[in-house]
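# Secondary and tertiary structure notes
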Amino acid sequence: MIHVNILRFREGRYAWGALGLLALSIAIYATQGGRVRAGGGTWQGYVLGTIGALLIVWLTVLGVRKRRYSSTFGSVEGWTSAHVWLGLALLPVATLHCAGLFGWNVHTLAYALMCVVIVSGIVGLYGYLALPRQMAANSGGSSRAALFAELFSLDRQGRELARGCDAAVSEAVRSSIERTSIGGGAIRQMLATDRSLFMSGDSAQGAAQMRVVANSDQQAVINYVARRVPQGAKRAEVANLQALIVLLSRRQTVLRRIRRDIQLQGWLQLWLYVHVPLSVALIAALIVHILSTFMYW
Amino acid sequence: MGTAAEFHLAIIGAGPAGLSAAARAAQIDAREKVATPSYVLLEGSPRLAKTIQRYQKGKHVMAEPGFLALRSDLQFGAGSREKVLETWGEGTNRLKINVRYSADVKKVTGQKGDFLVQLANGTSVRAANVVLAIGVEGNPRKLGVPGEHFEEIQYQLDDPKEFRDETILVVGAGDAAIENALALSEQNDVWIVNRGNEFSRAKDANLSLVLAGISDPRRRLGCYYEARPKAITRVERGPPLTVTLDTPSGERLIECHRIIARLGADPARAFVESVGITFPGPQKQAIPELSRRYESNVPGVFIVGSLAGYPLIKQAMNQGYDVTEYAYGHDVKPADYPLLESRLCGLPFERETDELLERFKSLVPMFRELNALAFRELVIESEVIVAYPDGPECAEALKKIEAARKRNAQDSGPPRMTRVIREGEVIYEAGEFGTSFFTIAYGEVTLQTEDPVARTSQLRLGEFFGEMSLLSGRPRAERAIAGPGCILMETPRRTMIKLMNSNEAVRAGIDWIFVVRELQRHFAPQATARELRDIAGQVTVRNYKAGEPIFTEGEPGASLLIVRSGGVTLSRRRAGQDLLVAQVPAGELVGEMSLMGDSQRRESARATVACVLIEVGRAEFLRLTQRGDAPVERLQRAASAHVAESARMEVRPEASAIMNFLMAQGLGEATNALIIDESLCVGCDNCEKACAETHGGISRLDRKSGASFAQVHVPISCRHCEQPHCMKDCPPNAIKRSDNGEVFIDETCIGCGNCQVNCPYDVIRMTYEAPKKPGLWSWLLFGTGPGVGEEHDYRPTEAAKAKGKKATKCDACGGLSGGPACVRACPTGAAVRIGPAEYLDLADQRRR
């Protein structure tokens with residue numbers, strides 16, 4: 001295999017490693033019993049806690065390794081693969097460590113933070129495995145820059161064609177181009193909401209009477225121009241309108257692709273905004289957890 | 001006329017070589033205390049160093065090659081164009097050099113002792129000797145119409161930004177005219193005056209740019225086709241020039257501020273030939289025959305500088321110094337003498353360097369074809385290797401080398417010395433990418449191959465090896481072992497190609513041995529070169545341009561082809577579609593089935609990239625295969641494997657389409673290409689960041705650019721071509737190939753940009769050095785930005801600007817252990833670097 005995804009890196013060697021670690025942890029946990037209740041306080045609990053703490057520290061080191069560009073200590077793909085598998089193993093290891101004892105304290109806070117970090121990681125993993133394929137399929141082999149270049153070219157042609165139409169159509173098309181909205185705030189990017197507008201109105205009433213209406217997904221302006229075709233008087237005018245509809249439809253497709261691309265790119269990155277800061281918080285909580293454990297020993 | 005010559009020496013051309021020659025003559029005059037100068041320097045333009053004057057403002061001039069010391073009465077060191085010109089101007093004044101500007105030489109007649117040098121202004125000069133230091137650029141062609149002398153008519157364009165809101169006519173339709181017109185049309189109204197009705201001489205890139213520019217209404221660019229200027233007049237008011245244009249619709253009057261005429265140049269060669277000097281061949285790069293003292297076949301006429309084949313400033317200046325000494329009858333050791341001495345000092349002979357050179361030249365048939373100067377140059381650019389047995393002899397040689405090293409030490413760094421190896425040592429291994437060519441100047445060398453059959457051969461004095469990597473760009477096919485006492489010259493590829501292009505006999509010799517060795521390798525492993533001489537004479541070597549058809553499916557076939565260089569695409573036409581069924585790299589066979597049972601071509605063959613094929617006909621094939629040593633069974637097995645492979649591809653059109661895409665991206669000539677799987681790429685740009693962080697802050701790859709197909713993305717990044725286009729024309733020979741195949745640029749780059757122009761894949765950029773970034777921890781802990789891997793939005797420092805732009809390209813991280821940083825830094829496994837052998841697997845995988 002030339003291209004291998006992170007889960008299957010080197011025949012999934014880190015999956016087996018994580019499984020082995022898990023088996024070991026379960027075995028350690030299982031030796032608890034008798035008079036002392038299973039938990040963080042037994043020697044088994046300490047061992048499991050140490051494993052978990054070391055795992056957490058090691059997992060965050062990925063952020064450093066990723067930026068050590070000339071490092072020859074494994075490949076980043078290998079590190080990421082190990083990060084995923086060992087990160088998944090961390091949840092059962094830590095659960096075995098605390099043996100299900102929770103409360104309103106810093107210990108459970110550390111556990112909860114860890115859970116959020118792991119869940120966000122799972123979300124990210126899903127994104128990494130599923131979204132690139134969708135992005136590639138969406139953009140049809142062109143880069144975002146190429147899509148924008150096409151859009152600008154369509155805009156130019158659209159303005160040119162609109163000049164040959166009557167004042168109302170011309171204004172409608174021109175305004176639909178000018179008031180096309182792409183992007184926006186983070187939430188709008190993620191949801192790919194489209195707040196495009198255009199000026200709609202009857203040509204008989206003149207351009208002054210036109211009003212701004214929603215043009216989400218560019219459908220309204222396409223419909224507007226399409227409605228004008230049967231009313232066309234001259235053959236040249238109708239031909240012009242037909243050409244405009246084709247152009248606006250292509251523009252609609254390009255815009256959809258751009259929005260979708262932005263949206264998917266956003267989803268690909270969103271999880272990191274949870275995963276990374278909470279990892280830092282987790283490290284802080286972990287330190288407090290360990291210190292307080294030893295202080296009240 | 002019988003009058004004594006006015007001057008002992010007339011130097012034509014005040015470039016680096018001519019200036020340096022004149023400076024030496026001035027010094028000789030001063031030493032001899034002569035009252036009137038015994039020499040004259042004639043310069044056609046009104047200023048000295050015309051070519052360097054033409055460089056853009058502030059351009060950094062390099063002082064390569066570093067290993068050569070300057071020998072001139074004028075100063076020269078790396079620096080800005082202005083600084084270099086100022087130094088020479090000062091030197092010219094200080095030495096009171098007898099220079100005549102605007103003295104355009106039209107004709108040189110006469111013989112040694114009495115040459116008549118006629119100038120364009122009607123005057124003439126008599127001189128006993130003539131030095132031609134005119135360079136190779138020639139003089140720009142004039143418009144040749146009334147009014148061509150007005151000052152608003154220019155034959156070059158230094159800075160297009162100098163003009164604003166003018167109407168400018170650009171006359172000409174070549175690349176120079178197009179580039180000028182495009183640059184000027186940024187802020188002027190520009191009209192191209194094109195004699196033809198298309199731009200047939202332009203490079204593809206310029207062609208599409210100019211056509212797009214002309215049809216773009218927003219661009220202030222237009223074109224008069226089938227038009228030529230007839231007359232130019234000057235007016236007092238408004239735009240100063242009025243041009244009468246002859247157009248298909250009659251004469252037109254056009255007012256303009258300026259005319260840029262780019263009509264090409266009269267090549268220097270025509271003038272040189274008019275003096276009576278002969279060239280060894282018709283090739284553009286051919287260099288006139290010269291003696292060791294730069295004297296041409298016309299006694300008394302000397303040639304130095306780029307016309308003599310030396311394009312670098314320092315070389316030219318040194319030659320200027322030496323040639324004057326020779327012309328005055330002084331016997332000096334040339335400036336390159338210490339270099340040659342260093343090269344040869346470790347050899348087991350007690351002879352003078354010049355004598356040794358003579359001897360080698362006479363012993364080796366190929367060297368005999370070279371003129372004395374070309375041979376010296378060859379030795380300087382080559383490495384001289386000598387094999388000794390372990391023992392006192394070897395120790396002695398090392399001692400001699402050490403002594404010479406001390407003697408010849410210079411500011412510009414240690415000279416390259418004789419390389420001493422041990423007898424029996426491996427010179428190179430099979431599979432290494434070599435870029436050098438070896439000639440045996442003494443002794444023997446053993447070549448061993450394992451593939452396809454084990455075979456050993458002995459090469460003797462005068463023979464050469466390593467031609468494979470020279471001609472095909474493939475890795476070495478054999479192991480070479482130094483025989484007892486052998487002396488070798490290892491010549492870099494570029495030098496060798498230059499030599500082949502300028503010397504027909506050398507080219508023919510190398511071509512021939514290549515054919516012989518290919519025939520041995522495929523069909524007659526035990527045959528000697530002599531036995532194959534006949535057959536090698538019968539086969540045909542054919543050149544194909546990229547995309548050119550070689551044969552067509554269904555036609556009868558009566559020959560097989562050995563791919564010498566490049567690659568061949570085989571396709572089958574099914575249901576109206578061309579399905580790519582195989583990609584044949586250099587060194588393999590095409591169409592062999594037609595001589596082994598199936599006389600009909602089952603595929604169409606077409607050149608993937610420019611390629612050279614050796615065609616072996618049925619008769620020759622039969623003669624070869626009837627020999628006892630012919631590996632018939634292996635040939636049949638390989639042919640069967642090809643048939644099966646082709647069938648497998650034919651039934652999988654998806655995989656075939658991906659292969660087709662890869663070939664369309666030029667990967668047929670790649671050895672190591674970056675391929676990104678779009679279904680795994682998360683767009684983190686860690687590949688680019690890693691590249692920048694490991695290469696002085698400048699990424700050599702552009703992930704987002706480049707083409708994609710079926711989720712296979714070929715970003716803009718070096719593919720380390722088999723025959724690197726970038727290496728073709730690098731003046732300081734700064735582009736090299738390592739044993740592993742990486743093509744890289746070393747620190748001797750002079751920033752000329754030739755490689756950038758020559759690369760068809762846009763992977764080379766000219767960049768200033770980037771400032772250093774703070775380390776990871778100071779960024780993480782103290783926020784000193786820009787951080788590791790962060791966008792590096794910088795302005796080059798003054799120091800970086802002074803150094804000038806250098807060419808940057810991927811070096812496949814040859815210096816880093818663990819492989820390319822881009823691949824190692826990819827967190828998802830999307831980025832891989834693969835060679836042609838893995839394309840099929842890639843296409844296969846993507847099928848699902």
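Residues numbered from 1 in each chain as written. Chains lettered and ligands numbered in written order. Predicted model: local features only at pLDDT ≥ 70, side-chain atom pairs only at ≥ 80, totals over all residues.

## So, the overall build of chain A
To keep things clear, this is the line we draw: Numbering goes from the N terminus for both helices and strands, where a helix is a DSSP run of H or I of at least four residues and a strand is a run of E of at least two. Burial in this document is a count-based property: other C-beta atoms within 10 Å of a residue's C-beta are tallied, and the residue is buried at 20 or more, exposed at 12 or fewer, or partly exposed in between, with C-beta positions derived from the backbone. The contact criterion used here is simple: two residues whose C-beta atoms, placed from the backbone, lie within 7 Å are in contact.
A tally of regular secondary structure across chain A gives nine helices and two strands. Helices and strands in chain A line up, N terminus first, as α-α-α-α-α-α-α-β-β-α-α. Dimensions along the principal axes, computed over C-alpha positions, put chain A at roughly 95 × 45 × 30 Å. The burial tally for chain A puts 31% of its 297 residues in the buried class. Contacts spanning at least 24 positions in sequence make up 69% of the contacts within chain A whose residues lie at least 6 apart.

## Some details on the overall build of chain B
As a reminder, the rule being used: We compute the radius of gyration from the C-alpha atoms alone; for a globule the expected value is 2.2 Å times N to the 0.38, where N is the number of residues.
Scanning chain B from terminus to terminus reveals 25 helices and 44 strands. Its C-alpha atoms give chain B a radius of gyration of 30 Å, near enough to 29 Å, the size a compact globule of 848 residues would have. Referenced to the eigenvectors of the C-alpha coordinate spread, the extents of chain B come out at roughly 85 × 75 × 70 Å. In chain B, which comprises 848 residues, the share counted as buried stands at 46%. Considering only intrachain contacts with a sequence separation of at least 6, the fraction spanning at least 24 residues in chain B is 71%.

## Things to note about the interface of chain A and chain B
The partner chain B presents 37 residues to the 25 residues of chain A that form the contact. Contributions of two or more residues to the side of chain A that touches chain B are made by helix 3 (76–98), helix 4 (106–139) and helix 9 (235–295) of chain A.

## Thoughts on the sheet that holds strand 35 (residues 604–607) of chain B
All names here are of chain B. For the record, the criterion: We call two strands paired when DSSP finds no fewer than two bridges between them. Only the stretch in contact is used when a helix axis is fitted, and all axes are lines through C-alpha atoms; the angle between N-to-C directions ranges over 0 to 180 degrees.
Pairing within the open sheet is antiparallel, and its four strands lie in the order 30-35-32-33. The sheet terminates laterally at strand 30 (549–551) and strand 33 (577–585), the two strands that pair on one side only. Averaged over all neighbouring strand pairs, the angle between strand axes comes to 35°, with direction disregarded. Bridge count for strand 30 against strand 35 is two bridges, and the pairing is antiparallel. The residue of strand 35 that forms the bridge with Pro549 is Arg606.

## Some details on the environment of B:Gln665
One can find B:Gln665 in the loop between helix 19 (653–664) and strand 37 (673–677). B:Gln665 sits 49 residues away from B:Val714 along the chain, and the two C-alpha atoms are 7.6 Å apart.

## Brief notes about the sheet that holds strand 37 of chain B
Residue and element names in this part refer to chain B. Strand order in the open sheet formed by four strands is 38-39-37-44, with antiparallel pairing between adjacent strands. Taken across any chain shown, the strands that pair with only one partner, and hence form the sheet edges, are strand 38 (702–709) and strand 44 (831–834). In this sheet, adjacent strand axes meet at a mean angle of 40° when their direction is disregarded. When strand 38 meets strand 39 (residues 712–716), the two strands line up antiparallel, connected through four bridges. Its bridge partner being in strand 39, Ser708 is matched across the sheet by His713.

## Topic: helix 18 (residues 632–650) of chain B
Residues and elements named next belong to chain B. Quick reminder of the rule: A helix is expected to reach a length of 1.5 Å times the quantity of its residues less one. Arc, as used here, means the arc of the directions from the helix axis to the C-beta atoms.
Compared with an ideal rise of 1.5 Å per residue, which puts 19 residues at 27 Å, helix 18 spans 27 Å between its outermost C-alpha atoms and is within 8% of the ideal. Listed in full, the buried residues belonging to helix 18 are Leu635, His642 and Met649. Buried residues of helix 18, seen end-on, are gathered within an arc of 55° and therefore sit on one face of the element. Facing away from the buried side of helix 18 by more than 90 degrees, the exposed set consists of Glu633, Arg637, Ser640, Ala641 and Ala644.

## Looking at the domain arrangement of chain A
All names here are of chain A. Applied cut-off: These domain boundaries are the output of an automatic or database domain assignment. Amino acid classes used here: Ala, Val, Leu, Ile, Met, Phe, Trp, Tyr, Cys and Pro are nonpolar; Asp, Glu, Lys and Arg are charged; the rest, including Gly, are polar.
Segmenting chain A into domains produces domain 1 (6–140 + 271–295) and domain 2 (144–265). Residue-level contacts link five residues of domain 1 with five residues of domain 2. Class assignment for the residues of the side of domain 1 that touches domain 2 results in two nonpolar, three polar and no charged.

## Observations regarding the packing of helix 8 (residues 337–344) of chain B against helix 11 (residues 372–381) of chain B
Residues and elements named next belong to chain B. How we decide: Note that the term roughly parallel is reserved for angles under 35 degrees, roughly antiparallel for angles over 145, roughly perpendicular for angles of 65 to 115, and oblique for everything else. Crossing handedness: left-handed means the near helix sits turned counterclockwise from the far one by under a right angle, and right-handed means the same turn made clockwise.
Interhelical geometry of helix 8 versus helix 11 gives an angle of 60° and a closest axis separation of 9 Å. As far as their axial angle goes, helix 11 and helix 8 are oblique. Crossing handedness for the pair helix 8 and helix 11: left-handed. Counted together, Leu339, Leu340 and Arg343 of helix 8 and Arg376, Val379 and Ile380 of helix 11 form the full contact between these two elements.

## With respect to the packing of helix 1 (residues 16–32) of chain B against helix 7 (residues 313–327) of chain B
Residues and elements named next belong to chain B. Across the interface, helix 1 lies against helix 7 with an axial gap of 7 Å and an inter-helix angle of 35°. Of the two elements, helix 1 crosses helix 7, and the hand of that crossing is right-handed. Contacts from Pro16, Ala17, Gly18, Leu19, Ser20, Ala21, Arg24 and Ala25 of helix 1 reach helix 7 at Ile313, Ala316, Met317, Gln319, Gly320, Tyr321, Val323, Thr324 and Glu325. Of the residues belonging to the contact of helix 1 with helix 7, the class tally is ten nonpolar, five polar and two charged.

## Digging into the nonpolar core
The criterion, for reference: Each nonpolar core reported here comprises buried Ala, Val, Leu, Ile, Met, Phe, Trp, Tyr and Cys residues connected via C-beta atoms within 7 Å.
If you look at the biggest cluster of nonpolar residues, it comprises 240 residues, and the most contacted ones within it are B:Ala10, B:Ile11, B:Val131, B:Leu132, B:Val304 and B:Cys822. Top element by residues in this core is helix 3 of chain A. It accounts for eleven residues. Residues within four places of B:Val131 in sequence aside, it is in contact with B:Leu9, B:Ile11, B:Ile12, B:Gly18, B:Ala21, B:Phe302, B:Val304, B:Val323 and B:Ala327. Counting residues in hydrophobic clusters, the runner-up holds 33 residues, among them B:Ile168, B:Val190, B:Trp191 and B:Val193.

## Examining the domain arrangement of chain B
Residues and elements named next belong to chain B. Once the domains are mapped, chain B shows domain 1 (7–138 + 267–327), domain 2 (153–266), domain 3 (337–502), domain 4 (537–651) and domain 5 (663–768 + 804–846). If you average the C-alpha positions of domain 3 and of domain 4, the two centres end up 37 Å apart. On the domain 4 side, the residues contacting the six residues of domain 3 number six residues. Residue composition of the side of domain 3 that touches domain 4, by class: three nonpolar, two polar and one charged.

## Notes on the environment of B:Asn686
When you line up the elements, B:Asn686 lands in helix 20 (residues 686–694). Measuring from C-alpha to C-alpha, the distance between B:Asn686 and B:Ala430 comes to 35 Å, with 256 residues separating the pair along the chain.

## Comments concerning unusual backbone geometry
Located in the positive-phi region is A:Glu11, a residue other than glycine, with phi close to 55°. Positionally, A:Glu11 belongs in helix 1 (residues 9–30). Residue classification places A:Glu11 among the exposed positions, given that 9 C-beta atoms sit within 10 Å. Not every positive phi belongs to a glycine, and B:Asp685 is a case in point at roughly 60°. Inspection of the secondary structure puts B:Asp685 in the loop between strand 37 and helix 20.

## Considering the pairing of strand 23 (residues 436–442) of chain B
All names here are of chain B. The buried fraction of strand 23 is high, at seven of seven residues. When strand 23 meets strand 28 (residues 487–492), the two strands line up antiparallel, connected through six bridges. Across the sheet, the residue bridging to Ser436 is Pro492, located in strand 28. Relative to strand 26 (residues 464–465), strand 23 runs antiparallel, the two being bridged by two bridges.

## A short note on the confidence of the model for chain A
Rules: Per residue, pLDDT captures the predictor's confidence, and it can take any value from 0 to 100.
Taken as a whole, chain A shows an average pLDDT of 90; of its residues, 98% reach a score of 70 or greater. Predicted confidence in chain A is weakest over helix 7 (residues 186–191) of chain A, with a mean pLDDT of 89, and strongest over helix 3 of chain A, with 96.

## What about helix 14 (residues 493–502) of chain B?
Counting buried positions along helix 14 of chain B yields eight of ten residues, so the element is predominantly enclosed. Taken together, the buried positions of helix 14 of chain B are occupied by B:Arg493, B:Arg494, B:Met496, B:Ile497, B:Lys498, B:Leu499, B:Met500 and B:Ser502.

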